[in-house]
Amino acid sequence: MADGHENAGYRRLFEPDGMTFGTGFPLTGANRSTPAIDDELRLAAHAESVGFDGLWARDVPTYWPKFGDAGQTFDTWPWLSHVAAHTDEVALGTSSIVLTLRHPLHVAKSAATVDRLSDGRLVLGVASGDRDPEYPAFDVDPDERGALFRESVEVLRTVWREEFPALEGRWGSLEGDLDVVPKPTAGTIPLLPTGHARQSREWIAEHGDGWLFYHLPERTLADYVADWRAAAGDKPYAMAVRVELADDPSAEPEPLHLGYRAGLEWFREYFRDLEELGVDHVIVGLQSDDPEQALSTFAHEIIDRL
């Protein structure tokens, strides 16, 4: 059966010679309420047209105001299907599906459906979750997150690759007389464990198709990428960073939560440094009152110059 690295989205993100860029929903910045759908779709098409290689949707099952946001509000699967219908070739990513709060057979079917509807553009970031009140809401023991995550990955890989598999776990059992359809376009869907997902780096290197991590200080990031290369070889390293472009192109950086506010000149050097460290893909969270202009400026002044 074909390898998941033949997936069109994975190739778009990781086959180019050099670092690629994506951006994440909600592109309008409305992460505590329902975003304007037409505006989100317009910005998604615009991001693709100016050179972003990935559009990433978060999985936030419930809104917990104390945590600060509701993601892009819409459920990941129908939202990415809708985005697929309004874009052409850009990769569609999840950052990230909370496997511990979803039944693995539902995840397998939903993800394969989006993958088929998008002609193989789906790449799955997968996570163990980080919002404490959600675990009792879904009757999940938070201490079991690590084991549940591993079981879900095994189920996904198996039901995508095999027909009528026999499987058993705490999620339930398949006796070999049921199948999960459709199957993905490339035989499987690439999985990028996010953060540590309560696993060892060695487990992630063996079972993931890459590693998706959060923003880190550059010295710490250098160590993480080096350790990842030692464990995983040439499997890609992707990361997310929050970006706010200052009006002054020469402005020095000011720390933000999971990112920086700085001028274009500093950001050019910053992303060149990330590329030299071995980062393969960056999910840019652009903060701006004019998101369309911010996408255009970032693409023309940073992506094109790299």
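Keep in mind it's a predicted model, so treat the numbers as computed, not measured. Every chain is numbered independently, its residues counted from 1 as its sequence is written. Under the rules for a predicted model, residues below a pLDDT of 70 receive no local features and side-chain atom pairs below 80 are neither given nor counted, while totals for whole chains, interfaces and linings still include all residues. Only heavy atoms go into the side-chain values, all of them from the structure, while hydrogens and water stay out.

Draft legend 1. Up close: unusual backbone geometry. Cis geometry is found at the peptide bond from serine 95 to serine 96, where omega equals 5 degrees. Following valine 181, the chain continues into proline 182 via a peptide bond in cis, with omega recorded as 5 degrees. The way it works is that DSSP assigns letters per residue, a run of H or I at least four long becomes a helix, a run of E at least two long becomes a strand, and they are numbered from the N terminus. Within the fold, proline 182 resides in the loop between strand E6 (172-175) and strand E7 (191-193). The residue aspartate 139 is not glycine, and still its phi comes out positive at about 55 degrees. Throughout, exposure labels follow a simple rule: accessible area from a 1.4 Å probe, protein chains only, divided by the maximum for the residue type, with under 20% read as buried, over 50% as exposed, and the rest as partly exposed. Take aspartate 139: its relative accessible area is 73%, and that puts it in the exposed class.

Draft legend 2. How the structure looks around the pairing of strand E11 (residues 259-262). For strand E9 (residues 237-245) and E11, the ladder comprises four bridges, and the chain directions are parallel. Its bridge partner lying in E11, leucine 245 is registered against alanine 262. Pairing geometry for strand E10 (residues 254-256) and E11, over three bridges, is antiparallel. When the bridges of E11 are listed, glutamate 254 appears paired with arginine 261. The hairpin formed by E10 and E11 contains two residues between the paired strands, and leucine 258 there has a positive phi angle of roughly 65 degrees. Here the rule is simple: two strands pair whenever DSSP picks up at least two bridges between them.

Draft legend 3. Expanded view of the packing of aromatic side chains. The pairing test for Phe, Tyr and Trp rings, Trp by its six-membered ring, is centres within 6.5 Å, and the orientation test on the planes gives stacked under 30 degrees, edge-to-face over 60, and tilted for anything in between. Tallied over the entire structure, the rule returns 22 aromatic pairs. Ring centres of phenylalanine 25 and tryptophan 79 lie 5.5 Å apart, and the angle between their planes is 85 degrees; this geometry places the pair in the edge-to-face category. Of this pair, phenylalanine 25 sits in the loop between strand E1 (20-24) and helix H2 (37-50) while tryptophan 79 sits in helix H3 (residues 76-85); the two residues are 54 residues apart in sequence, bridging distant segments of the chain. Since its relative accessible area comes to 3%, phenylalanine 25 is described here as buried. When the centroid spacing of 5.0 Å and the interplanar angle of 55 degrees are considered together, the rings of phenylalanine 213 and tyrosine 224 count as tilted. Here phenylalanine 213, found in strand E8 (residues 211-213), pairs with tyrosine 224, found in helix H8 (residues 218-232); they are eleven residues apart in sequence, far enough to count as distant. Residue classification places phenylalanine 213 among the buried residues on the basis of a relative accessible area of 6%. Connected via pairs of aromatic rings, a cluster forms that spans Phe21, Phe52, Tyr260, Trp266, Phe267, Tyr270, Phe271 and Phe298.

Draft legend 4. Structural detail: the packing of helix H9 (residues 264-277) against helix H10 (residues 291-303). Running from N to C, H9 and H10 cross one another at 60 degrees; their axes reach a closest spacing of 10 Å. Of the possible angle classes, the one that applies to H9 and H10 is oblique. Pair H9 / H10 crosses with right-handed handedness. Of the residues in H10, those touching H9 at Leu264, Phe267, Arg268 and Phe271 are Thr297, Phe298, Glu301 and Ile302. Any residue outside Ala, Val, Leu, Ile, Met, Phe, Trp, Tyr, Cys, Pro, Asp, Glu, Lys and Arg is labelled polar, Gly included; the first ten of those are nonpolar and the last four are charged. Grouping the amino acids of the contact of H9 with H10 by side-chain chemistry returns five nonpolar, one polar and two charged. Axes here refer to lines fitted to C-alpha atoms; in helices the fit is confined to the stretch in contact. Angles between the N-to-C directions go from 0 to 180 degrees. Orientation labels follow simple angle bins: below 35 degrees gives roughly parallel, above 145 gives roughly antiparallel, 65 to 115 gives roughly perpendicular, and whatever is left gives oblique. In this scheme, a crossing is called left-handed if the near helix is turned counterclockwise away from the far one by less than a right angle; it is called right-handed if the turn is clockwise. Any two residues whose heavy atoms approach within 4.5 Å at even a single point are treated as in contact.

Draft legend 5. The pattern of salt bridges, seen in detail. Any Lys or Arg side-chain nitrogen found within 4 Å of a carboxyl oxygen on Asp or Glu counts as a salt bridge. In total, this model carries 17 salt bridges according to the counting rule given. Through salt bridges with shared partners, a single ionic network connects Asp39, Arg42 and Glu292.

Draft legend 6. Spatial organisation of the environment of tryptophan 266. Mapping tryptophan 266 onto the fold places it in helix H9. With 248 residues separating them in the primary sequence, tryptophan 266 and glycine 18 have C-alpha atoms 19 Å apart. What tryptophan 266 contacts, discounting residues up to four positions off in sequence, is Pro249, Ala251, Glu252, Pro253 and Tyr260.

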